[in-house]
Amino acid sequence: MIEISQLEKIYSTGKDCMIAVKTTNLTIIEGEILGIVGESGSGKSTLGKMIIGLERPSNGSITYKGHPLWNKKKYNRVEAGEIQTVFQDPQSSLDPRMSVKDIILEPLLALSKVERKEKGNRERLLQLIKRVGLKEEHLDRYPHEFSGGQRQRIAIARALITDPSFIVLDEPTSALDVSVQAQVLNLLKELQKERNLTYLFISHNMSVIRYMCQRVAVMFKGEIVEVGDTKEIFEHPEHPYTQKLLSSVLTIQNDTDTQSIILK
Amino acid sequence: MLEIKNLHVDFEGMRGKTEALKNMNLSLNRGEILGIVGESGSGKSITALSILGLLEENAIISKGRILYNGDNLLELSKKNIQALRGKEIGMVFQEPMTALQPTMRIGKQLFNVIKQHRNLSSKETKEAVLHALRDVHIDNPELVAKKYPFELSGGMRQRIVIALAMAAPPNLLIADEPTTALDVTIQYEIINLIKELNEKRGTSVLLITHDLGVVANVCDRILVMYAGEVVESGNTKDVLSHPIHPYTKSLLNALPDSVEPHEPLQAIEGEPPNLLKRPKGCAFSERCHFVMDICKEEHPELKDGGSSHQASCWLEKVIV
């Protein structure tokens, strides 16, 4: 579905330059959840932003179902609303002065008049907010009246209103508590199945990646050092960085009698 | 060495009184690492701030005592509390950048702290600075001492904050989410560092975190908090492998590691109660799978400060 080839992002000011993403090749297959894991500064968010058009690649190409997404300096939208995104922090990604209804309907402004009418009708809106776990009376309220988990549901509804095929999820649950994170992950997984969505799931949390993604790409210092089947990578990590990453995860060994808590 | 007895902290606001901490009891023994786990708003940070005398102006401590080596910290003057902070009790917070003075070189910051708390000559203090940096595993202390905070990575900064907190050296270290802003590999190193300092120097540690993985790997005992109350306490191993309180159980089950990828996660439905109007009975009753009539009517209490594994749940009381 998405083909990334020889993609590079270099930030430069004067003589200094910083390579955020080094020559990257990656394929995203239709209907899959592909995870990108890495630490802060590894380039995972920059990669996501180049796909949705928020950052311009320095070199290389991204094609979406065969269409190139970047034509020199210009981002070519395949079709409005086809690619959507959900960000990490629902506190800052929702306009505090817009009602929930306006927030959810806003992406439709990019669509044609006919489509806007069709996708923005009240019945569809109500169905959608119900599906993400919100209520009708929430529509006239403002973001500050909601908890973190509910705000992320609003952000998910906003992404879904245009009926996208592909969604970039950038740390969608990192700002949430464990119990709420579980609700949101379940919702995202169900929606993916129901609507046959394709996700690029960016996270630094290994357990979340293991749970959500069929395949995973490990990024380190701007490079994809390893990519493949999630289970395979978690069980037999090949790259030394992946090995280090996995061995650093502090987990609870539930059956402490057989597997004692590991440290060092 | 540290004991909190029946501590109640309220916040007075426009919409009424928020009971942020309700009947908190805690005891931390010398040389022990005690963990406080809970989600946002559970009262874990309020507990730390109460001990340090750093609560906001609008906070009211309506009841309770905080005993440090027998002295009630709540009755100490501001000056005396200040003397205790840093010297007796070290602190490490989540965001290392805000804890450091941005316009002063690392070496100077450490120098000031060590000079303040220890009776050393300037030459000895300089030595002590390098020593303190080496203790937190900084390989080239001379070089790092000359740097400003912004020139260092997040992990390095947090090491410096720990070095500062441990400089006096204190008998108690309070660490509030010390690794939350850090990457996994760095988190691992910082947690090991805290553990090592505890073992080497016998410093007691109060570790506050939302991360059960961190707790499992470093704490001797833990307290689980929910809606401003301790709902379960005991040895880390007992609590995590044989949780009693339905909240603790649900929390463990909600972790993505607890199921296979093809199974749905066991989320806790709903949200924690609004602390402005706390439910009459158990605070978790609205989200609990095992809720009984009594849970909604009467508040279950934790047996007073005992160190055994226990939970404030009617279910347990009925069975026992």
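Residues numbered from 1 in each chain as written. Chains lettered and ligands numbered in written order. Predicted model: local features only at pLDDT ≥ 70, side-chain atom pairs only at ≥ 80, totals over all residues. Heavy atoms only, no water.

1. Here we look at the nonpolar core
Argument step 1. Core analysis: the largest hydrophobic core is formed by 117 residues, its most contacted members being I104(A), I156(A), F201(A), M212(A), L110(B), I160(B) and I162(B).
Argument step 2. In terms of residues, this core owes the most to one element, helix α7 (residues 178-194) of chain A, which gives 8 residues.
Argument step 3. The residues contacting I104(A), other than those within four sequence positions of it, are L125(A), L128(A), I129(A), I154(A), A157(A), R158(A) and I161(A).
Argument step 4. Listed in part, the 32 residues of the second largest apolar core include I4(B), L26(B), I51(B) and L223(B). (Core = buried A, V, L, I, M, F, W, Y, C linked by side-chain atoms within 4.5 Å. Buried < 20%, exposed > 50% of the residue type's maximum accessible area, 1.4 Å probe, protein only. Helix = DSSP H or I, 4+ residues; strand = E, 2+ residues; numbered from the N terminus. Contact = heavy atoms within 4.5 Å.)

2. So, the interface of chain B and chain A
Argument step 1. Taken together, the contact pairs 37 residues of chain B with 33 residues of chain A.
Argument step 2. The junction of chain B with chain A conceals about 3400 Å² of combined surface from both sides, 55% of it contributed by carbon and sulfur atoms.
Argument step 3. Counting the surface chain B buries against chain A, the share from its top three residues, V184(B), Y188(B) and N217(B), is 19%.
Argument step 4. Joining chain B to chain A, the criterion identifies 1 salt bridge.
Argument step 5. For E189(B), the salt bridge identified is with K244(A), shortest N-O distance 4.0 Å.
Argument step 6. At the junction of chain B and chain A, the tally comes to 16 residue pairs in polar contact (both at pLDDT 80 or more).
Argument step 7. Of all the secondary structure elements, the ones that give two or more residues to the side of chain B that touches chain A are α8 (184-201), α9 (212-218), α10 (236-241) and α11 (246-253) of chain B. (Buried area = accessible area lost by both parts, 1.4 Å probe. Salt bridge = Lys/Arg side-chain N within 4 Å of Asp/Glu carboxyl O. Polar contact = N/O pair within 3.5 Å; in protein donor to acceptor, adjacent residues only side chain to side chain.)

3. Side note on the confidence of the model for chain A
Argument step 1. Overall, the predicted model of chain A reaches an average pLDDT of 90, with 96% of residues at or above 70.
Argument step 2. For the stretch residues 254-264 of chain A, pLDDT sits under 50, and the model shows 17 contacts to residues farther than four places along the chain or on other chains. (pLDDT = per-residue confidence, 0-100.)

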